[in-house]
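Chain residues, written in single-letter form:
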Amino acid sequence: MKTIYKYLFILSFMAFASCNVLDQEPEGLISTEDAIVDRQSAIAATNGLYSILQDGDLYGGRFIMATEMVAGNAKATAFQAFWQELASGKVPVSNFHVEDNWIGFYDVINGANAIITQVPELAALSEGEKNEMLGTAYFMRALSFFDLLRQYGEFYDTGSEFGIPLKLTQSLEPSETSRSTVAKSYEQIESDLTKAIDLLGDGNNNFKVSKAAAQTLKARVHLYQEEFTEAANLASAVITNSKYELPENYNEIYEIEESAESIFELNFIQLDDPNVWAIEMYITPPEVSVSEGLITFLDGRGENERGALFAQSENNDEIFICTKYGNSQTDNGHNTIVLRLSEMYLIRAEALGRNGTPNDALPDLNEIRNRAGLSNINNISDEAELLDILLEERRAEFAFEGHYWFDMVRYGLMEDTRGLESFRRIFPIPRREMNITDGTLVQNPGYNQQ
């Protein structure tokens, strides 16, 4: 039995999952000022961050499923209203998943803030232990801020005022419940990742964050801001790291734990600590299934390697499921790959192609295509063609990994591809949050009448 995250962590962290972390301390919660008091509680709190991130509404499954729904890669095939809403792309302010996802990521942030505040004061910890704990906390806070920004903030426009609340302390000051600008949001994310890179080492396994994981995420953050030189440099640093390599078999990363391609994956334990794909996709009828559009797209490209991970359901040959996270109710312990090496090749391809000439993208682009059994692309005429190629390649490479929606939005192709109004490029701030913050939160444009 794998036990890497199976630590009991203190009551305050357990309570985060059920409270609104932006507006109040729940009754009976142990004060976070007294939560981390010794080496044991510090270890428990740090490992608790991984446990919270594995929540079903976060990387336990529904965060990924939700973005694939609005992107058109997934569809709702049962009766839950919140899935039907996400599949339509017209997500209301009262959508249950949107509410729970918002709270879930702020739970991670709250836990990270406790570590950042309290761990430096513990004499019982060595400097190496403090560095690992603090580096983990800064990484987790950055990841959570980034995932909140690209769902609920206008992440595609660095000049926008519609960023996210940046909760940086354990206090509940009004300033921490109001929205920062997008630029300030990115600035904080980059600052946290810079600290994580400085504090973290190479790591002993891919179940814990490392310096390379922080570099990988920071490369993605720079790419989203079209800071192409920085994105390419960070991607190159990870690509040239001898710890990682692209296996010849595209599917290896889903078949074995700690593949050489995996940079950071969340370790789910079958039956004891499963992800939620079995609850949503491997039941009959499934709440979530693969759309006909994705199957047609993969078949049309001759995606024999990547397409093999999308199979007909055993119970209904008209329904397709994604097998990256298991394939039945009894096979539900597959890990979630949060960061992997192939993304670094495609980030560098995009950064070089958009910062130089489109054909500068070809070496890295073809590296990924060849690994998937596809032939080379020999010429790209202009940036518009480059973006079309990148969007398709990233859709095939990362299908059901939560990238396609954000790629469509940042390329400015969402409206034409999905036929939705521009304001639906992001989710609404949940109605619940608007109601309890006494006007300090401002709703995203377009959702004010819902």
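Residues numbered from 1 in each chain as written. Predicted model: local features only at pLDDT ≥ 70, side-chain atom pairs only at ≥ 80, totals over all residues. Heavy atoms only, no water.

A. Examining the overall build of the chain more closely. Secondary structure summary: the chain contains 18 helices and 6 strands in total. Residue burial in the chain is summarised as follows: out of 450 residues, 61% are buried. Put simply, 69% of the contacts in the chain that link residues at least 6 apart link residues at least 24 apart. Here the chain has roughly 17,100 Å² of accessible surface; of this, 45% comes from carbon and sulfur atoms. (Helix = DSSP H or I, 4+ residues; strand = E, 2+ residues; numbered from the N terminus. Buried < 20%, exposed > 50% of the residue type's maximum accessible area, 1.4 Å probe, protein only. Contact = heavy atoms within 4.5 Å. Areas by Shrake-Rupley, 256 points an atom, 1.4 Å probe, with all protein chains shown as cover.)

B. Seen up close, the confidence of the model for the chain. On average, the chain scores 89 in pLDDT, and the residues at 70 or more come to 89%. With pLDDT under 50 throughout, residues 1-21 is counted as low confidence; its partners more than four residues away or in other chains account for 60 contacts. Within the model, pLDDT remains below 50 along residues 23-33, and this stretch shows 17 contacts once partners closer than five positions in the same chain are excluded. (pLDDT = per-residue confidence, 0-100.)

C. How the structure looks around the side chain of S262. With respect to the helices and strands, S262 occurs in strand β2 (residues 262-266). A distance of 2.7 Å separates a polar atom in the side chain of S262 from a polar atom in the side chain of E265. The residues contacting S262, other than those within four sequence positions of it, are N206, Y244, I253 and L339. (Polar contact = N/O pair within 3.5 Å; in protein donor to acceptor, adjacent residues only side chain to side chain.)

D. The packing of helix α14 (residues 362-371) against helix α15 (residues 383-397), seen in detail. Look at α14 against α15: their axes get within 11 Å of each other, and the N-to-C directions meet at 35°. Between α14 and α15 lies a crossing of left-handed hand. Across from L365, I368, R369 and R371 in α14, the residues of α15 making contact are I389, L390, E393 and E397. (Axes fitted to C-alpha atoms, helices over the stretch in contact; angles between N-to-C directions. Left-handed = near helix turned anticlockwise from the far one by under 90°.)

E. Geometry of the environment of L149. Its location among the elements puts L149 in helix α6 (residues 127-152). Through-space distance from the C-alpha of L149 to that of I426 is 9.1 Å; in sequence the pair is 277 residues apart. Leaving out residues up to four positions away in the same chain, L149 has contacts with E154, F155, G163, I164, V182, S185, Y186 and I189.

F. Looking closely at helix α8 (residues 211-224). For α8, which comprises 14 residues, the first-to-last C-alpha distance of 20 Å matches the rise-based estimate of 20 Å (1.5 Å per residue) to within 8%. Most of α8 is tucked away, with 13 of its 14 residues classed as buried. Looking one or two residues beyond α8, the residue adopting positive phi is E226, at roughly 60°. (Expected span 1.5 Å × (residues − 1).)

G. The pairing of β2, seen in detail. Counting buried residues in β2 gives 5 out of 5 residues, a clear majority hidden from the surface. Bridge analysis of β2 against strand β6 (residues 336-340) gives 4 bridges, and the strand direction is antiparallel. In the sheet register, L266 faces β6, and the bridge partner there is T336. (Pairing = 2+ DSSP bridges.)

H. Up close: the packing of aromatic side chains. One pass over the structure, following the stated rule, counts 18 aromatic pairs. On the numbers, 6.4 Å between centres and 80° between planes, the contact of Y59 with F105 is edge-to-face. A residue pair is termed long-range when its members are at least 10 positions apart, and Y59 in the loop between α2 (39-53) and α3 (62-71) and F105 in helix α5 (residues 96-118) qualify at 46 residues. We classify F105 as buried; its relative accessible area is 0%. When the centroid spacing of 5.1 Å and the interplanar angle of 85° are considered together, the rings of W102 and Y152 count as edge-to-face. Of the two residues, W102 is situated in helix α5 and Y152 in helix α6; the sequence distance between them amounts to 50 residues. With relative accessibility at 0%, the residue Y152 sits in the buried group. (Phe/Tyr/Trp six-rings, centres within 6.5 Å; stacked < 30°, edge-to-face > 60°.)

I. Structural detail: the pattern of salt bridges. Counted according to the given criterion, the structure contains 31 salt bridges. The structure contains a network of salt bridges with shared partners spanning E261, R301, E303, R306, K324, R340, R369, R371, E392, E393, E397 and E401. (Salt bridge = Lys/Arg side-chain N within 4 Å of Asp/Glu carboxyl O.)

J. Up close: the nonpolar core. Counting 138 residues, the largest nonpolar core has F139, F264 and F310 as its most contacted members. Ranked by the residues each element gives to this core, the list is headed by α6, at 13 residues. (Core = buried A, V, L, I, M, F, W, Y, C linked by side-chain atoms within 4.5 Å.)

K. Local environment of the packing of α3 against α5. Where α3 meets α5, the axes come as close as 11 Å, and the angle between the chain directions of the two elements is 135°. Judged by the angle between their axes, α3 and α5 are oblique. The interaxial crossing formed by α3 with α5 has left-handed handedness. Contact residues: R62, F63 and A66 in α3; H97, N101 and F105 in α5. (Parallel < 35°, antiparallel > 145°, perpendicular 65-115°, else oblique.)

L. Spatial organisation of the environment of Y224. With respect to the secondary-structure elements, Y224 resides in helix α8. Relative accessible area serves as the criterion here: at 5%, Y224 is assigned to the buried category. C-alpha of Y224 to C-alpha of D407: the two residues are 183 residues apart in sequence and 8.9 Å apart in space. At 2.9 Å, the side chain of Y224 and the side chain of R150 are in polar contact.

M. Quick peek at unusual backbone geometry. In this model, T284 is joined to P285 through a cis peptide bond whose omega is -10°. The backbone of E226 shows a phi angle near 60°, a positive value even though the residue is not glycine. Relative to the elements of secondary structure, E226 occurs in the loop between α8 and α9 (228-239). Of note in this structure, F400 is not a glycine but carries a positive phi near 65°.

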